2 protein chains.
Amino acid sequence: MSEERAAEIFRALIMRRESRRALAARPVECEKLRAMLEAARWAPSYGNMQPWRFVLVQEPAALDAMRPAFTPGNAWAKQAPVLVVGTANPQDAKIVAGKEYYLFDLGLAVQNLLLQAVACGLVAHPMGGWDEQTVKQALGVPDEVRVVVVIALGYPGRLEELDEETRRKEQQPRTRKALAEIAFADRWGRPWDAGA
Amino acid sequence: MSEERAAEIFRALIMRRESRRALAARPVECEKLRAMLEAARWAPSYGNMQPWRFVLVQEPAALDAMRPAFTPGNAWAKQAPVLVVGTANPQDAKIVAGKEYYLFDLGLAVQNLLLQAVACGLVAHPMGGWDEQTVKQALGVPDEVRVVVVIALGYPGRLEELDEETRRKEQQPRTRKALAEIAFADRWGRPWDAGA
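Described below are features of the structure shown in this document.

Conventions we followed
- Residues numbered from 1 in each chain as written.
- Chains lettered and ligands numbered in written order.
- Predicted model: local features only at pLDDT ≥ 70, side-chain atom pairs only at ≥ 80, totals over all residues.
- Heavy atoms only, no water.
- Core = buried A, V, L, I, M, F, W, Y, C linked by side-chain atoms within 4.5 Å.
- Buried < 20%, exposed > 50% of the residue type's maximum accessible area, 1.4 Å probe, protein only.
- Contact = heavy atoms within 4.5 Å.
- Helix = DSSP H or I, 4+ residues; strand = E, 2+ residues; numbered from the N terminus.
- Arc of directions from axis to C-beta.
- Pairing = 2+ DSSP bridges.
- Buried area = accessible area lost by both parts, 1.4 Å probe.
- Salt bridge = Lys/Arg side-chain N within 4 Å of Asp/Glu carboxyl O.
- Axes fitted to C-alpha atoms, helices over the stretch in contact; angles between N-to-C directions.
- Parallel < 35°, antiparallel > 145°, perpendicular 65-115°, else oblique.
- Nonpolar A, V, L, I, M, F, W, Y, C, P; charged D, E, K, R; others polar.

With that settled, consider the nonpolar core. Phe54 and Leu83 of chain A together with Phe54 and Leu83 of chain B are the most contacted members of the largest nonpolar core, which totals 133 residues. Residues in contact with Phe54 of chain B, not counting those within four places in the same chain, are Ile182, Ala183 and Phe184 of chain A together with Leu37, Ala40, Val84, Val85, Gly86, Leu106, Ala109, Val110 and Leu113 of chain B. Listed in part, the 16 residues of the second largest apolar core include Phe10, Leu115 and Val118 of chain A together with Phe10 of chain B.

Structure follows, in structure tokens:
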């Protein structure tokens, strides 16, 4: 494959990744879950310390135990056939002058996992809005380990099955800051694409 | 493209991403840098707060000012034609019970950027081993902003041009923890692929 084609395919994957809320009940094949975990496993990390640990929640009893953790705004996530819980022990990663790299390293691994999900035809929605203590009790996560992200995972579902408020959110266009706000050339505050 | 093919192409990209040290002096085209920044820009973040800010260092004077920041083990990075400095202001992101999401969000964006670099035929090596104050002074980064990662970027270079110690490191195989150590099924400590 040409370099141009590879770059274009990846760009399309990035743009296809959306934190959608409409999920089908259809289960996710084990091989797709494995591909996602493998993608996470090969992420880089500070000093290759690999602090990430994932709990894949699929059994009905475990999913039931997770559901009280969600805020009302995340009620849609109760439909997800799989929840991927991203955790790390801060002591398993570098800490530099207050910067706790377990969070950064986990971010690197989670993005690999999300993109592999999209490449597999799945929706993977990293959520805020859950109670850490409830999640930890539901899954038996040790005290010293932090839960950083809960990802609702499944095949794309039907928009019509969402409640009105959630459907409205789902149909809003994605927004991001302009490139000039987030990228600087050689010096802080000098927009990178000033000449664009 | 079939779903199987898309999943396979992405998996190959993940496996091709390596933190290599041999970099060519050849400059990196503006369009490739733009593709990388665009990939970062479309990453998800907690509450879509997008705390990431990148400084792309390419001018000789700015590269010179950065070089004293590197530890001796990162001397190879002085060859890089571009340094991408990943930063964020912790106050621009969510903080939940001590978890500072600027680090997690920046990790998500940086992984997009690294993978787009690989898809463009480049080497992108996120480094530890630099002095934050020196980087901040070199680039005029405000006091309240944290520098989290410095990425050495360029085209693949010749192994023979590395010193012996660095060449030795470069030739070591990549290692990762086994899947059973990092992925659990429904409950902490129950290996996900126990049946594999």
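Taken residue by residue, helix α5 (residues 132–139) of chain A has Glu132, Val135, Lys136, Ala138 and Leu139 of chain A as its buried positions. Looking down the long axis of α5 of chain A, one finds its buried residues gathered within 165° of arc, a one-sided arrangement. Contact partners of the buried residues in α5 of chain A: β1 (52–57), α3 (60–66), β2 (82–88) and β6 (146–154) of chain A together with β4 (99–100) of chain B. Remark: Gly140 of chain A follows α5 of chain A within two positions and exhibits a positive phi of approximately 70°.

So, on to the pairing of strand β5 (residues 123–127) of chain A. Residue and element names in this part refer to chain A. A large share of β5 lies buried, amounting to five of its five residues. Side chains Val123, His125 and Met127 of β5 all project onto a buried face; the interleaved residues Ala124 and Pro126 project onto the opposite face, where all are buried too. In this structure, β5 lies alongside β6, joined through five bridges in antiparallel fashion. Paired with His125 across the bridge in β6 is Ala152.

Each side of the interface is counted separately: chain B has 93 residues, and chain A has 93 residues. In total, chain B and chain A occlude about 7700 Å² of area from one another, counting both sides; carbon and sulfur atoms represent 60% of this. Of all residues in chain B, Trp42, Asp186 and Trp188 of chain B bury the most surface against chain A, accounting for 11% of the area lost on that side. For Arg34 of chain A, the salt bridge is made with Asp193 of chain B, and the minimal N-O distance between the two is 3.9 Å.

Here the focus is the packing of helix α1 (residues 3–16) of chain B against helix α4 (residues 101–119) of chain B. All names here are of chain B. In contact at an axis separation of 9 Å, α1 and α4 are set at 100° when each is read in the N-to-C sense. Accordingly, the angle class assigned to the pair α1 and α4 is roughly perpendicular. On α4, the residues that touch Phe10, Leu13, Ile14 and Arg16 of α1 are Leu115, Val118 and Ala119. Broken down by class, the residue content of the contact of α1 with α4 amounts to six nonpolar, no polar and one charged.

Shape descriptors only; they carry no functional weight alone.
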